[in-house]
Amino acid sequence: MHWQPIGAESVLFLSPRSDFAPGKPIRGGIPVIFPWFGPRTANALSARTDGPAHGFARTEDWTVAFAALAGDDLHLTLTLAPNEASRALGFGDFQLALEFILGGELRLRLSVANTGTTPFAFEEALHTYLRVGDATQISISGFLNTEYLDKTDHLARKLQTEDPIRLTSETDRPYLNTAATISLTDPALHRSLTVAKANSQTTVLWNPWSTKSATMPDMTPEAWLHMCCIETANAADNRITLAPQQAHTMEAHIIIAPLDS
Ligand code: BG6
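Overview of the structure. (Residues numbered from 1 in each chain as written. Predicted model: local features only at pLDDT ≥ 70, side-chain atom pairs only at ≥ 80, totals over all residues. Heavy atoms only, no water.)

Notes on the sheet that holds strand β4 (residues 94-102)
Next up, step 1: If you walk across this open sheet you meet the 8 strands as β2-β3-β4-β5-β18-β14-β13-β9, and the pairing is antiparallel. Strand pairing shows two members of the sheet lacking a second neighbour, β2 (63-70) and β9 (139-141), which therefore form its edges. Pairwise comparison of adjacent strand axes, ignoring direction, gives a mean angle of 15° for this sheet.
Next up, step 2: Bridging between β9 and strand β13 (residues 182-186) involves 3 bridges; their strand directions are antiparallel. Across the sheet, the residue bridging to S139 is T185, located in β13. (Pairing = 2+ DSSP bridges. Helix = DSSP H or I, 4+ residues; strand = E, 2+ residues; numbered from the N terminus. Axes fitted to C-alpha atoms, helices over the stretch in contact; angles between N-to-C directions.)

So, in structure tokens, the structure goes:
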């Protein structure tokens, strides 16, 4: 929910109206999206479409498996195993581990293991809510010539032709087949944020703008101005299928730099 290196402004957005209640996702920080992204859709391994938006991992209680300081960095590992709720949704053969290294930079590694005897298909995202000074002033680069699904236009497939991107309305785009590093320039907070990644082929760019955020009870009227999600993911065309007893690790790395004056 929060990461603020010494001498820096807070990096993650957290809505002042976020719910903090069992079963409700937190509106901010870095919710962990697993095992499906958005609404559950049928796939080659399962015809089921039931379950909460963005999967169950973000509303489950995780276990703190490791926590220690290494110099100035905090190393933290959280784990999630199947439970009654996940089994009821058809997910009984996985293990998740989320490692954080929190310091002057932020590193996240999400590992998924298939502990079963059949292939396991899933989607995943580190749904990173970056805090920005003014979303109407930021510019985002790294998506040029990348194909995306426009969720504000019936999932139409489009090609990114402008760079950098300036937000001017609701923006909801899984960019596909991209391992690119994204940089967000934030003149109001006088900094840039860089999101680099590994073993991730999807990056989601999301800002609900005033229009959608007016329909979201866990946002204040102005909160959308202070967030921009850049989500390290494997979703849609980039869904992962793991063979039995195999694991997959996705990494995100966030770096802050001051803007040249
Ligand atoms: C984004 C999706 O990742 O998350 C959007 O692309 C969605 O479509 C947003 O609206 C927030 O989802 P939720 O379930 O947290 O309201």
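That was the structure; now back to the text.
Overview of the environment of R58
Next up, step 1: Following the sequence through the fold, R58 ends up in the loop between β1 (32-33) and β2.
Next up, step 2: For R58 and T161, which are 103 residues apart along the polypeptide, the C-alpha to C-alpha distance reads 33 Å.
Next up, step 3: Once residues lying within four places of it in the same chain are set aside, the contact partners of R58 are P25, P31, V32, I33 and A53.
Next up, step 4: In terms of polar contacts, R58 uses its side chain to reach the backbone carbonyl oxygen of A53, at 3.2 Å. (Contact = heavy atoms within 4.5 Å. Polar contact = N/O pair within 3.5 Å; in protein donor to acceptor, adjacent residues only side chain to side chain.)

Some details on the site of the ligand
Next up, step 1: Neighbouring residues of the ligand: R27, F37, H54, R58, H127, K151, D172, W206, K212 and E231.
Next up, step 2: At 3.0 Å from an oxygen atom of the ligand is found a side-chain nitrogen or oxygen belonging to H54.
Next up, step 3: Within the contact set of the ligand, an oxygen atom lies 2.8 Å away from a side-chain nitrogen or oxygen of R58.
Next up, step 4: Within the complex, the protein chains bury 85% of what would otherwise be the 390 Å² of accessible surface of the ligand.
Next up, step 5: Taken together, the residues that form the shell around the ligand break down as 2 nonpolar, 2 polar and 6 charged. (Near = heavy atom within 4 Å. Areas by Shrake-Rupley, 256 points an atom, 1.4 Å probe, with all protein chains shown as cover. Nonpolar A, V, L, I, M, F, W, Y, C, P; charged D, E, K, R; others polar.)

As for unusual backbone geometry
Next up, step 1: Between F34 and P35 the backbone carries a cis peptide bond, its omega angle lying at 0°.
Next up, step 2: Here the amide bond leading from D163 into P164 is cis, since omega sits at 0°, within 30 degrees of zero.
Next up, step 3: If you trace the backbone, P164 turns up in the loop between β11 (156-159) and β12 (171-175).
Next up, step 4: The phi dihedral of A236 is positive, around 50°, even though this residue is not glycine.
Next up, step 5: Inspection of the secondary structure assignment puts A236 in the loop between β16 (227-234) and β17 (240-242).

Here we look at the side chain of R27
Next up, step 1: The residue R27 is located in the segment before β1 in this model.
Next up, step 2: Among the polar contacts made by the side chain of R27, one reaches the side chain of Y129 at a distance of 2.9 Å.
Next up, step 3: Sequence-distant contacts of R27, that is, excluding residues within four places in its chain, are made with F13, L14, S15, S18, Y129, W206, M216, D218 and M219.

Describing the nonpolar core
As a rule of thumb, nonpolar side chains are buried together in soluble globular proteins.
Next up, step 1: By size, the foremost hydrophobic cluster in this structure holds 60 residues, and its most contacted members are F34, W62, L126, L130, I140, C228 and I230.
Next up, step 2: Looking at this core, the element that brings in the most residues is β4, giving 5 residues.
Next up, step 3: Excluding residues within four positions of it along the chain, C228 makes contact with T128, Y129, L130, V132, I138, I140, L167, L184, L205 and W206. (Core = buried A, V, L, I, M, F, W, Y, C linked by side-chain atoms within 4.5 Å. Buried < 20%, exposed > 50% of the residue type's maximum accessible area, 1.4 Å probe, protein only.)

Description of the state of the cysteines
Next up, step 1: Using the criterion set out here, one finds 0 disulfides in the structure.
Next up, step 2: Free cysteine: C228, not disulfide-bonded; nearest cysteine sulfur from C229 at 6.9 Å. (Disulfide = S-S within 2.5 Å.)

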